[in-house]
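This is what each chain is made of:
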Amino acid sequence: DGCLNVVVLFDIAKVENGGLFGYVQNANIKNVAVSCSKPIDNCLNFGAVVASSDAKTSISCCSHKDSLIVNGAFAVGGISATSDAYISGCSNDGVVISNQKIQSFVGGLVGVGAPVIENSQNKANVCGSVVAGGIIGKLSNVDNSILVSNCVNYGTVTINTKSENPAYQYTAGG
């Protein structure tokens, strides 16, 4: 329990899974706000609160507060980069951008995953190079089914069409 404290992330070294928490399993993360002080370089996956989480994890009442600009990441999310977690009452209030030029999956809340997301919102703009979404960027399960309930996206979702991989089709959704 973060007791509603704001955690500021300063220098993030080159890591596979970056964020306040890296990879979590069977965790209960709640009441944490994260702020990123400057652009992040060389992370495979970066989520402001959690980089990667499993289906037994719960993330509730968490938020990202300002710009999240990641250079060179595959998956980027305002709350979690890759997640199959239960996410409830979370908010992204800061722009989420991946400057990866080959392939990136970016979501206001979750970059890639098959989470259950309820009562959450994205209030900021989202931009990626291949797939971007206001709530979730890309579904990762075989049947492409997730549960998103009572969520809203207020931000603009865009694709940076300067990707260096012409084989990809570009997708942006609210």
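The present account deals with the structure reproduced in this document. (Residues numbered from 1 in each chain as written. Predicted model: local features only at pLDDT ≥ 70, side-chain atom pairs only at ≥ 80, totals over all residues. Heavy atoms only, no water.)

## Quick look at the pattern of salt bridges
Within the structure shown, the criterion is met by two salt bridges. A salt bridge links Lys 65 to Asp 93; its shortest N-O distance comes to 3.5 Å. Note that Lys 65 is positioned in the loop between β10 (63-64) and β11 (68-71) and Asp 93 in the loop between β15 (91-92) and β16 (96-98), a separation of 28 residues in sequence. Where Asp 93 meets Lys 123, a salt bridge forms, and the shortest distance between an N and an O atom there is 3.8 Å. Of the two residues, Asp 93 sits in the loop between β15 and β16 while Lys 123 sits in the loop between β20 (121-122) and β21 (126-128), which places them 30 residues apart along the sequence. Residues joined by salt bridges that share partners form a network here, namely Lys 65, Asp 93 and Lys 123. (Salt bridge = Lys/Arg side-chain N within 4 Å of Asp/Glu carboxyl O. Helix = DSSP H or I, 4+ residues; strand = E, 2+ residues; numbered from the N terminus.)

## So, the environment of Cys 151
Take Cys 151: it is sitting in the loop between β24 (147-149) and β25 (152-153). Residue classification places Cys 151 among the partly exposed positions, given a relative accessible area of 23%. Note: C-alpha distance between Cys 151 and Ser 91 (60 residues apart in sequence) is 9.7 Å. Other than its neighbours up to four places away in sequence, Cys 151 contacts Ile 117, Glu 118, Asn 119, Ser 120 and Ile 135. (Buried < 20%, exposed > 50% of the residue type's maximum accessible area, 1.4 Å probe, protein only. Contact = heavy atoms within 4.5 Å.)

## Regarding the sheet that holds strand β3 (residues 21-24)
Across the sheet, which stays open at both edges, the five strands sit in the order β3-β8-β13-β18-β23 with parallel pairing between neighbours. Looking at which strands have only one partner, the edges of the open sheet turn out to be β3 and β23 (136-139). Sheet twist, expressed as the mean angle between neighbouring strand axes with direction ignored, is 10°. Of the pairings in the sheet, the one linking strand β13 (residues 80-83) to strand β18 (residues 110-113) comprises three bridges and is parallel in character. Residue pairing for β18: Ser 80 is matched across the bridge by Val 110. (Pairing = 2+ DSSP bridges. Axes fitted to C-alpha atoms, helices over the stretch in contact; angles between N-to-C directions.)

## Focus: the state of the cysteines
Cysteine pairs can be linked by a disulfide, which is a covalent bond between their two sulfur atoms. For the coordinates displayed, the defined rule picks out zero disulfides. No disulfide involves Cys 61; its sulfur sits 6.8 Å from that of Cys 90, the nearest cysteine. Owing to a relative accessible area of 44%, Cys 61 belongs among the partly exposed residues under this scheme. The thiol of Cys 90 is not disulfide-bonded; the next cysteine sulfur, from Cys 62, is found 4.9 Å away. (Disulfide = S-S within 2.5 Å.)

## A word on the sheet that holds β24
Working definition: the strands of a sheet are paired by backbone hydrogen bonds and lie parallel or antiparallel to each other. Taken together, the five strands give an open sheet; going across it, the order is β4-β9-β14-β19-β24, and neighbouring strands pair in parallel fashion. Since the sheet does not close on itself, it has two edges, and those belong to β4 (28-30) and β24, each with one partner. Strand-to-strand twist of the sheet, defined as the mean angle between neighbouring strand axes without regard to direction, takes the value 5°.

## Things to note about the environment of His 64
Structurally, His 64 is set in strand β10. By relative accessible area, which is 0% here, His 64 ends up buried. When the C-alpha positions of His 64 and Asp 93 are compared, they lie 5.9 Å apart, and in sequence the two are 29 residues distant. Ignoring sequence-local partners within four residues, the contact set of His 64 consists of Val 34, Cys 36, Ala 48, Gly 78, Ile 79, Ser 91, Asn 92, Asp 93, Gly 94 and Val 95. For His 64, the side chain forms a polar contact with the main-chain oxygen of Asp 66, separated by 2.5 Å. (Polar contact = N/O pair within 3.5 Å; in protein donor to acceptor, adjacent residues only side chain to side chain.)

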